[in-house]
Amino acid sequence: MSEEARLIAAASQGDAAAFEQLVRSRQEKVFWTAYQVVGHMEDARDVAQHVFLRLWQVLPRYRPSSSFDSWLHRITINLAIDACRRRQARPELTSFEGMEPVPAPPEGTPGAELRRLEIQRIFRTLARRLSPQQRAVFVLKEMNGLDTADIASIMELTTSTVRNHLHQARKHLRRGLAENFPEYLPHGREDDGNS
């Protein structure tokens, strides 16, 4: 039995120390996945906290025959989408004007890291145009490297629905790049709406 499997088994039996180790090993990934979907630091912190509260409650139902990471992704994505819906339901927060500003990378950042931070900043700016489901699919596919079947399982969607959300997300992001950050489009490529 692997160390992770031992921790999961112990935590599912109520071992708080084992659960704490699981949380420490996953908290950064859960936070950043939530942040990429909700687009707000404070909301992402709230989502991450709720993810681990939910995990503590449902861990006894986890079956080792499925991937623990996929199971945790499902909880994270569902709670992040719920947070987006709650935010959209509040009239004072329906426009993007109330969203926290997306900071530029700090000066003096090395070239590769600067580019990575700039791309993340641009994504966070443009992702505001996407529905929560489109954003979640895009984050799972392009930022977490999951395949379509895994995303469909995590989000409890058909693979064709996942592909459609991904297509729509890419189209909106490409249009946003063309309008706001044309220097990041490959030369000679216009936004044709196809992916």
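The structure reproduced in this document is the subject of the present report. Quick caveat, the model's predicted, so the values are computed rather than measured. (Residues numbered from 1 in each chain as written. Predicted model: local features only at pLDDT ≥ 70, side-chain atom pairs only at ≥ 80, totals over all residues. Heavy atoms only, no water.)

1. Concerning the packing of helix 6 (residues 132-143) against helix 7 (residues 148-155)
And then number 1: Axis separation between helix 6 and helix 7 bottoms out at 10 Å; the angle between their running directions is 135°. On the basis of the axis angle, helix 6 is oblique to helix 7. Taken as a pair, helix 6 and helix 7 cross one another with a handedness that is right-handed. Here Gln133, Ala136, Val137, Leu140 and Lys141 of helix 6 lie close against helix 7, whose contacting residues are Thr148, Ile151, Ile154 and Met155.
And then number 2: A class-by-class count of the residues in the contact of helix 6 with helix 7 yields six nonpolar, two polar and one charged. (Axes fitted to C-alpha atoms, helices over the stretch in contact; angles between N-to-C directions. Helix = DSSP H or I, 4+ residues; strand = E, 2+ residues; numbered from the N terminus. Parallel < 35°, antiparallel > 145°, perpendicular 65-115°, else oblique. Left-handed = near helix turned anticlockwise from the far one by under 90°. Contact = heavy atoms within 4.5 Å. Nonpolar A, V, L, I, M, F, W, Y, C, P; charged D, E, K, R; others polar.)

2. Details of unusual backbone geometry
And then number 1: Of note, Glu156 is a non-glycine position whose phi angle comes to about 55°, a positive value.
And then number 2: Within the element layout of this structure, Glu156 appears in the loop between helix 7 and helix 8 (159-180).

3. Side note on the nonpolar core
And then number 1: Ranked by size, the top nonpolar core spans 55 residues in total, and within it Val47, Leu55, Leu59, Phe68, Trp71, Ile77 and Met155 carry the most contacts.
And then number 2: For this core, the secondary-structure elements that each account for two or more residues are helix 1 (3-12), helix 2 (16-38), helix 3 (41-58), helix 4 (68-89), helix 5 (111-126), helix 6, helix 7 and helix 8.
And then number 3: When sequence neighbours within four positions are dropped, the list of residues in contact with Trp71 reads Leu55, Val58, Leu59 and Tyr62. (Core = buried A, V, L, I, M, F, W, Y, C linked by side-chain atoms within 4.5 Å. Buried < 20%, exposed > 50% of the residue type's maximum accessible area, 1.4 Å probe, protein only.)

4. Topic: the packing of aromatic side chains
And then number 1: Scanning the model with the defined rule gives eight aromatic pairs in all.
And then number 2: Considering the side-chain rings of Phe68 and Trp71, the 6.3 Å spacing of their centres and the 40° angle between planes classify their relative orientation as tilted. A residue pair is termed a helical-turn pair when its members lie 3 or 4 positions apart in one helix, as Phe68 and Trp71 do in helix 4 at three residues. In this structure, Phe68 and Trp71 share a single accessibility class: buried.
And then number 3: Ring centres of Phe123 and Phe138 lie 5.3 Å apart, and the angle between their planes is 15°; this geometry places the pair in the stacked category. Of this pair, Phe123 sits in helix 5 while Phe138 is found in helix 6, placing the two residues 15 residues apart along the sequence.
And then number 4: A residue is classified by how much of its surface remains accessible, and Phe123, at 7% relative accessible area, is buried.
And then number 5: Put simply, the rings of Phe31, Trp32 and Tyr35 touch in pairs and so form one group of aromatic residues. (Phe/Tyr/Trp six-rings, centres within 6.5 Å; stacked < 30°, edge-to-face > 60°.)

5. Topic: the packing of helix 2 against helix 3
And then number 1: Relative orientation of the contacting elements helix 2 and helix 3 amounts to 140°, with a least axis distance of 8 Å. For the element pair helix 2 and helix 3, the recorded crossing hand is right-handed. Residues Ala16, Phe19, Val23, Arg26, Gln27, Val30, Phe31, Trp32, Ala34, Tyr35 and Val38 of helix 2 pack against Met41, Asp43, Ala44, Arg45, Val47, Ala48, Val51, Phe52, Leu55 and Trp56 of helix 3.
And then number 2: Class assignment for the residues of the contact of helix 2 with helix 3 results in 17 nonpolar, one polar and three charged.

6. Describing the pattern of salt bridges
And then number 1: A full pass over the atoms with the stated rule returns nine salt bridges.
And then number 2: Between Arg26 and Glu4 there is a salt bridge whose closest N-O contact spans 2.3 Å. Of this pair, Arg26 sits in helix 2 while Glu4 sits in helix 1, and the two are 22 residues apart along the sequence.
And then number 3: Between Arg26 and Asp69 there is a salt bridge whose closest N-O contact spans 2.8 Å. A residue pair is termed long-range when its members are at least 10 positions apart, and Arg26 in helix 2 and Asp69 in helix 4 qualify at 43 residues.
And then number 4: The exposure class assigned to Arg26 is buried, which follows from its relative accessible area of 11%.
And then number 5: In this structure Asp69 comes out as partly exposed when scored by relative accessible area, which is 38%.
And then number 6: Several salt bridges share partner residues, and in doing so they unite Glu4, Arg26 and Asp69 into one network. (Salt bridge = Lys/Arg side-chain N within 4 Å of Asp/Glu carboxyl O.)

7. Focus: the environment of Ile8
And then number 1: With respect to the element layout, Ile8 can be found in helix 1.
And then number 2: Separated by 13 residues in sequence, Ile8 and Gln21 place their C-alpha atoms 9.6 Å apart.
And then number 3: If near-sequence neighbours (up to four positions away) are discounted, Ile8 is found in contact with Leu22, Leu59, Tyr62 and Phe68.

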